[in-house]
Amino acid sequence: MAVLGDSTLEDGFRGCQFLNAAAEYPDRTHPVRAVIDDQRTWLFEVLRDLSADLGHPDPGYAARVLVLLHDGAFQAAELGDPAVVRETLRRAVDEVFPAEGA
């Protein structure tokens, strides 16, 4: 997630390409939406597996939260201060995966 947050600071960042494409192709039956759905399924599965590897008690929930954070961070960075978004994203991820004993 840190890499995603850092990418919001890059020159030319224009938000999430998949969310932008979804806005341009609102018909859920359009082939573009199938590509978007495939990417989001892949992202969820990767995050679920990583959450399980990190020992989260509910990896599916953690992955859903991380996907929401991903979506929100990419859109918020486009609309607001990317540095603030990056810091907020890092803090939110730390709250989903608190350090032992914290």
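Residues numbered from 1 in each chain as written. Predicted model: local features only at pLDDT ≥ 70, side-chain atom pairs only at ≥ 80, totals over all residues. Heavy atoms only, no water.

Bringing the overall build of the chain into the picture now. What the chain contains, in helices and strands, is five helices and zero strands. Listing the helices and strands of the chain from first to last along the sequence gives α-α-α-α-α. Across the 102 residues in the chain, those meeting the buried criterion constitute 29%. For the chain, long-range pairs separated by at least 24 residues make up 58% of all intrachain contacts whose partners lie at least 6 apart in sequence. (Helix = DSSP H or I, 4+ residues; strand = E, 2+ residues; numbered from the N terminus. Buried < 20%, exposed > 50% of the residue type's maximum accessible area, 1.4 Å probe, protein only. Contact = heavy atoms within 4.5 Å.)

As a further point, take the nonpolar core. One recurring pattern in soluble globular proteins is that nonpolar side chains are buried together. If you look at the biggest cluster of nonpolar residues, it comprises 10 residues: Leu43, Leu47, Ala63, Leu66, Val67, Ala73, Ala77, Val85, Leu89 and Val93. Looking at this core, the elements with two or more residues in it are helix 3 (31-53), helix 4 (59-79) and helix 5 (82-96). When residues of this core are assigned to their parent elements, the largest contribution, five residues, is made by helix 4. (Core = buried A, V, L, I, M, F, W, Y, C linked by side-chain atoms within 4.5 Å.)

In this section: the pattern of salt bridges. Scanning the model with the defined rule gives three salt bridges in all. When the shortest N-O distance is used, the salt bridge between aspartate 49 and arginine 48 registers 3.5 Å. Note on aspartate 49: relative accessible area 40%, which makes it partly exposed. Judged by relative accessible area, arginine 48 falls into the partly exposed class, the value being 30%. (Salt bridge = Lys/Arg side-chain N within 4 Å of Asp/Glu carboxyl O.)

Across its 15 residues, helix 5 extends 21 Å between first and last C-alpha, which sits within 8% of the 21 Å expected from 1.5 Å per residue. Val85, Leu89, Ala92, Val93 and Val96 are the residues of helix 5 that are buried. Relative to the axis of helix 5, the buried residues are bounded by an arc of 100 degrees and lie together on one face. With respect to the buried face of helix 5, the exposed residues turned more than 90 degrees away are Glu87, Arg91, Asp94 and Glu95. Residue aspartate 81 occupies the N-cap position of helix 5, its side-chain oxygen lying 2.9 Å from the main-chain nitrogen of alanine 83. (Expected span 1.5 Å × (residues − 1). Arc of directions from axis to C-beta. Polar contact = N/O pair within 3.5 Å; in protein donor to acceptor, adjacent residues only side chain to side chain.)

Everything listed here is a matter of coordinates, which is why it stays silent on function.
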